[in-house]
Amino acid sequence: YVYVEDVRHRRLAGYTVFNRLIEVNRAADRVVRAPHSSYGEAYQRRGLASAIYRWGLGAGLCLVTGARQSPGAHALWRSLARDHELGCVRLRDKNLTYLGPEVAPAVMDDLHTRMLLLGSGWTLARFAAATGMRGV
């Protein structure tokens, strides 16, 4: 968990949690996390989640989306893709399969399709070797 405090007003602005994914194998569990953020309305759209995600990616975490994303979360991931490699993966039976940098909307709507952001120091080949991801 990463908590963001509004020290001026002495209150919690919100948090980001880097969840473990029960859907991945042991090798991938060491490398990937699924972030989720919750910020008060007054603190939304101010770059807080973006800064926290960039911190995690900069520390070498690789991030995978949850099964569903809000339009705002999707835009955040697209923004982060300017500095970190973004790809689409299928997550099924504890295995990751690389689908490419873009997929058709119908494929993206499948609950098994997720987006992947590679953290600093990772290449697609290195990530595939470390996690057993197929299709690379």
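Bear in mind that the values here come from a model prediction, so they are computed numbers and not experimental data. (Residues numbered from 1 in each chain as written. Predicted model: local features only at pLDDT ≥ 70, side-chain atom pairs only at ≥ 80, totals over all residues. Heavy atoms only, no water.)

A. Up close: the pattern of salt bridges. According to the stated counting rule, one finds five salt bridges in the structure shown. The salt bridge involving Glu 23 is made with Arg 114; its shortest N-O contact spans 3.4 Å. With Glu 23 in the loop between strand 2 (11-19) and helix 1 (26-29) and Arg 114 in strand 7 (residues 113-117), the pair connects residues that are 91 residues apart, well separated along the chain. For Glu 23, a relative accessible area of 32% corresponds to the partly exposed category. Taking the relative accessible area as the measure of exposure, Arg 114 reaches 6% and is therefore buried. Close ionic contact of Asp 83 with Arg 54 constitutes a salt bridge, the shortest N to O distance being 2.8 Å. Highlighted residues: Asp 83 in the loop between helix 3 (71-80) and strand 5 (86-92) and Arg 54 in helix 2 (residues 48-58), separated in sequence by 29 residues. Salt bridges sharing common partners tie together Arg 20, Asp 29 and Arg 33. (Salt bridge = Lys/Arg side-chain N within 4 Å of Asp/Glu carboxyl O. Helix = DSSP H or I, 4+ residues; strand = E, 2+ residues; numbered from the N terminus. Buried < 20%, exposed > 50% of the residue type's maximum accessible area, 1.4 Å probe, protein only.)

B. Broad picture of the pairing of strand 6 (residues 95-100). The pairing of strand 5 with strand 6 spans five bridges and is classified as antiparallel. In the sheet register, Leu 91 faces strand 6, and the bridge partner there is Leu 96. Where strand 5 hands over to strand 6, the hairpin turn is made up of two residues, of which Asp 93 adopts a positive phi near 55 degrees. (Pairing = 2+ DSSP bridges.)

C. Focus on the nonpolar core. Judged by nonpolar contacts, the single largest core of 19 residues is most densely connected at Val 32, Cys 62, Leu 96, Leu 116, Leu 118, Phe 127 and Met 133. Every element with two or more residues in this core is listed here: strand 3 (32-39), strand 4 (62-64), strand 5, strand 6 and helix 5 (124-131). With three residues, helix 5 is the largest single contributor of residues to this core. Within the second largest apolar cluster, 18 residues are counted, among which are Phe 18, Ile 52, Leu 76 and Cys 88. (Core = buried A, V, L, I, M, F, W, Y, C linked by side-chain atoms within 4.5 Å.)

D. Summary view of the packing of helix 2 against helix 3. Between helix 2 and helix 3, the least distance of the axes is 11 Å, while the angle of their chain directions is 45 degrees. Taken together, the axis directions place helix 2 and helix 3 in an arrangement best described as oblique. Pair helix 2 / helix 3 crosses with right-handed handedness. Within the contact between the two elements, helix 2 uses Ala 49, Ser 50, Tyr 53, Arg 54 and Leu 57 and helix 3 uses Leu 76, Trp 77, Ser 79 and Leu 80. (Axes fitted to C-alpha atoms, helices over the stretch in contact; angles between N-to-C directions. Parallel < 35°, antiparallel > 145°, perpendicular 65-115°, else oblique. Left-handed = near helix turned anticlockwise from the far one by under 90°. Contact = heavy atoms within 4.5 Å.)

E. Looking closely at the environment of Arg 114. Spatially, the C-alpha atom of Arg 114 lies 15 Å from that of Leu 124, the residues being 10 residues apart in sequence. Residue contacts for Arg 114: discarding those within four places in its chain leaves Leu 21, Glu 23, Val 64, Thr 65, Gly 66, Ala 67, Gly 87, Cys 88, Val 89 and Leu 91. Of the polar contacts made by the side chain of Arg 114, one reaches the side chain of Glu 23; its length is 3.4 Å. (Polar contact = N/O pair within 3.5 Å; in protein donor to acceptor, adjacent residues only side chain to side chain.)

Coordinates in, geometry out; function isn't part of it.
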